[in-house]
Amino acid sequence: MSYSWCSFADMGTEISGSGSIYQSGTARFGLRRRLGKRLERLYGAPGDGTRCGFIRYGTVFRYLLEYGMAADDIIEAWFRKLTRLMDLDGEELAALTALSFRREETEANRYLVKEGTQVTRCCLLVDGYVARHKMSRNGRRQIVSFHMSGDMLDLQHTLLSRADHNLQTMTRAVVAWIPITELAQVASRFPRVAAAFARDALIDAAIFREWVLNVGARDAKTRIAHMLCEFVQRREALGIASVEAVELPFSQEQIGDATGLTSVHVNRMLRELTEEGAFARTGRHYCIADWRKLQAIADFNPAYLHQMA
Amino acid sequence: MARYFFHLNQCGSVTADLEGLDLPDLSAGRETAITAARDVMCGELLNGALCLGCHIDIADAKGHVLLTVRFIDAVHVTGP
């Protein structure tokens, strides 16, 4: 992904400079002009120095607006995944940019959504990591999925207002809250946006199915390896971090909660994976040492991620 | 709350716990170690093996062993 800034007055001319990605062409020129007009309608005639950015994912263009609207990192996270789910045009992207995001920085272990509560806003994860989990009656926690920058954590709450699970930050995080009513309106106005949301939920469901297989049918070591393979693959596909040599943001306990194991058992399995060369550990931190080996141990086939990885 | 470290000792081979867990007291630590011992044993059983001679040392941050939980004390074995 590359992007560059230009001034509003430059819209209609080719952008040049580092990171330039815009190529002139009749169809694209027309799109540029239409988008310029739309931005004017949304935000009024821009003054000199108003900046807009163009970002291109394949043939998709998106706009970052600097003034008074969502911050760059929110929009970047928002579109990181959305543009992979569906090809959206300028008008759709502009509508998605114009949502009233409320940014919040939060500490680790903070509950964003609690099971049983009525939810009135959706949460976009901008930075950091979040776990989705449920608790059994005897207090055992089961993590059912992990989430990273770009994940809209609870699109389901546009249709199901009662939370049936918890969302808790695993690290310090930056989130952006969006009123459910606004998201629902954008989805009903733009069928492709609704389709992108639906696709997101369906891929989440595919990942849940794999997790059931993981916890039900795989042995402890394979289970851990597979869960970590999926995590780093998703993370790399979203452009957050490369596969190798990046610290994993999990504690032993969190890995255990995700795989139905105690932290002691997880520690023992991580030691085996390290001795087999798949992991490297320095003190409390570990990272993947041999990605191919880890995938082989995990019997990892990313097809169930439906090209979101 | 204090941090306790659970070092797994399997017939001389030690898997050191470098992270630890925050728990209310040593009694909770003992419960955690018993659950962990059973979980490790479950893993071994699925591979067709079981060693009751292993143990978990619960230590503080300085490495002092506060309590040892033996696998054989974590299960009640019956049979012929």
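If you're wondering where the values come from, they're calculated on a predicted model, not measured in any experiment.

## So, the overall build of chain B
Alright, step 1. Helix and strand counts for chain B stand at 2 helices and 5 strands.
Alright, step 2. Going from N to C terminus, chain B has its helices and strands arranged as β-β-β-α-β-β-α.
Alright, step 3. Taken over the C-alpha trace, chain B has a radius of gyration of 13 Å; the compact-globule value for 80 residues is 12 Å, and the two agree within 12%.
Alright, step 4. Residue burial in chain B is summarised as follows: out of 80 residues, 30% are buried.
Alright, step 5. A separation of at least 24 residues holds for 49% of the contacts in chain B among residues at least 6 apart in sequence.

## Regarding the pairing of strand E9 (residues 166-169) of chain A
All names here are of chain A.
Alright, step 1. In terms of strand pairing, strand E5 (residues 111-113) meets E9 through 2 bridges, oriented antiparallel. Paired with Val-113 across the strands is Leu-167, a residue of E9.
Alright, step 2. For strand E7 (residues 130-135) and E9, the ladder comprises 4 bridges, and the chain directions are antiparallel. Bridged to Arg-132 within E9 is Leu-167.

## Structural notes on the pairing of strand E5 (residues 65-70) of chain B
Side chains on a regular strand alternate between the two faces of the sheet.
Residue and element names in this part refer to chain B.
Alright, step 1. Summarising the sheet, strand E4 (residues 55-59) and E5 pair through 5 bridges and their orientation is antiparallel. When the sheet's bridge partners are listed, Asp-57 is paired in E5 with Thr-68.
Alright, step 2. Adjacent in sequence and paired antiparallel, E4 and E5 are bridged by 5 residues, among which Gly-63 carries a positive phi angle near 95°.

## Focus: the sheet that holds strand E10 (residues 173-179) of chain A
Residue and element names in this part refer to chain A.
Alright, step 1. Overall, antiparallel pairing links the 3 strands, which are arranged E4-E10-E6 in an open sheet. Every interior strand has two partners, whereas the edge strands, strand E4 (102-106) and strand E6 (121-127), have only one. Each neighbouring strand pair of the sheet contributes to a mean axis angle of 30°, computed without reference to strand direction.
Alright, step 2. Two elements, E6 and E10, share 6 bridges in a ladder whose sense is antiparallel. If you follow Cys-122 over to E10, its bridge partner there is Ile-178.

## A look at the nonpolar core
Alright, step 1. Formed by 60 residues in total, the largest nonpolar core has its most connected members in Leu124(A), Leu125(A) and Ala225(A).
Alright, step 2. For Leu125(A), the residues in contact, after removing those within four places along its chain, are Ala77(A), Val130(A), His147(A), Met148(A), Ser149(A), Asp151(A), Leu153(A), Ala173(A) and Val175(A).
Alright, step 3. Counting residues in each nonpolar core, the second largest holds 17 residues, with Leu21(B), Ala36(B), Cys54(B) and Phe71(B) among its members.

## Digging into the packing of helix H6 (residues 220-237) of chain A against helix H7 (residues 252-259) of chain A
Residues and elements named next belong to chain A.
Alright, step 1. In contact at an axis separation of 10 Å, H6 and H7 are set at 105° when each is read in the N-to-C sense. Compared by their axis directions, H6 and H7 come out roughly perpendicular. Across the interface between the two elements, Arg-223, Ile-224 and Met-227 from H6 touch Ile-255, Ala-258 and Thr-259 from H7.
Alright, step 2. Here the contact of H6 with H7 is composed, by residue class, of 4 nonpolar, 1 polar and 1 charged.

## Focus on helix H8 (residues 263-275) of chain A
All names here are of chain A.
Alright, step 1. When the terminal C-alpha atoms of H8 are compared, their 18 Å separation across 13 residues agrees well with the 18 Å that a helix rising 1.5 Å per residue should span.
Alright, step 2. All of the buried residues in H8 are Ser-263, Val-264, His-265, Val-266, Asn-267, Arg-268, Met-269, Leu-270 and Leu-273.
Alright, step 3. Phi turns positive, to about 95°, at Gly-277, one or two residues after H8.

## What to know about the confidence of the model for chain A
Residues and elements named next belong to chain A.
Alright, step 1. Predicted confidence across chain A gives a mean pLDDT of 79, with 76% of residues reaching 70 or more.
Alright, step 2. Taken together, the stretch residues 1-32 has pLDDT below 50 and engages in 50 contacts with residues farther than four places along the chain or on a different chain.
Alright, step 3. Below pLDDT 50 for its whole length, residues 46-70 participates in 57 contacts with residues either more than four positions away or in separate chains.

## Some points on the confidence of the model for chain B
Alright, step 1. When pLDDT is averaged across chain B, the result is 96; 100% of the residues are at 70 or more.
Alright, step 2. Reported confidences for the modelled complex are a pTM of 0.81 and an ipTM of 0.97.

## Some thoughts on the sheet that holds strand E8 (residues 141-147) of chain A
All names here are of chain A.
Alright, step 1. If you trace the 4 strands from one edge of the open sheet to the other, you get E5-E9-E7-E8, paired in antiparallel fashion. Strand pairing shows two members of the sheet lacking a second neighbour, E5 and E8, which therefore form its edges. This sheet shows a mean twist of 35° between the axes of neighbouring strands, independent of strand direction.
Alright, step 2. Where H7 meets the sheet, it contacts E7 and E8, and its direction lies at approximately 100° from that of E8.

## Some words on the environment of Asp73(B)
Alright, step 1. On the secondary structure map, Asp73(B) appears in helix H2 (residues 71-74).
Alright, step 2. Here Asp73(B) falls in the exposed class, since 12 other C-beta atoms lie within 10 Å of it.

## Considerations on unusual backbone geometry
Residue and element names in this part refer to chain A.
Alright, step 1. Phi is positive for Asn-109, which is not a glycine, with a value near 65°.
Alright, step 2. By the secondary structure assignment, Asn-109 is in the loop between E4 and E5.
Alright, step 3. On the basis of neighbour count, Asn-109 is assigned to the exposed category, with 11 C-beta atoms found within 10 Å.

The rules behind the values
Residues numbered from 1 in each chain as written. Chains lettered and ligands numbered in written order. Predicted model: local features only at pLDDT ≥ 70, side-chain atom pairs only at ≥ 80, totals over all residues. Helix = DSSP H or I, 4+ residues; strand = E, 2+ residues; numbered from the N terminus. Rg over C-alpha atoms; globule rule 2.2 N^0.38 Å. Buried ≥ 20, exposed ≤ 12 C-beta atoms within 10 Å, placed from the backbone. Contact = placed C-beta atoms within 7 Å. Pairing = 2+ DSSP bridges. Axes fitted to C-alpha atoms, helices over the stretch in contact; angles between N-to-C directions. Core = buried A, V, L, I, M, F, W, Y, C linked by C-beta atoms within 7 Å. Parallel < 35°, antiparallel > 145°, perpendicular 65-115°, else oblique. Nonpolar A, V, L, I, M, F, W, Y, C, P; charged D, E, K, R; others polar. Expected span 1.5 Å × (residues − 1). pLDDT = per-residue confidence, 0-100.

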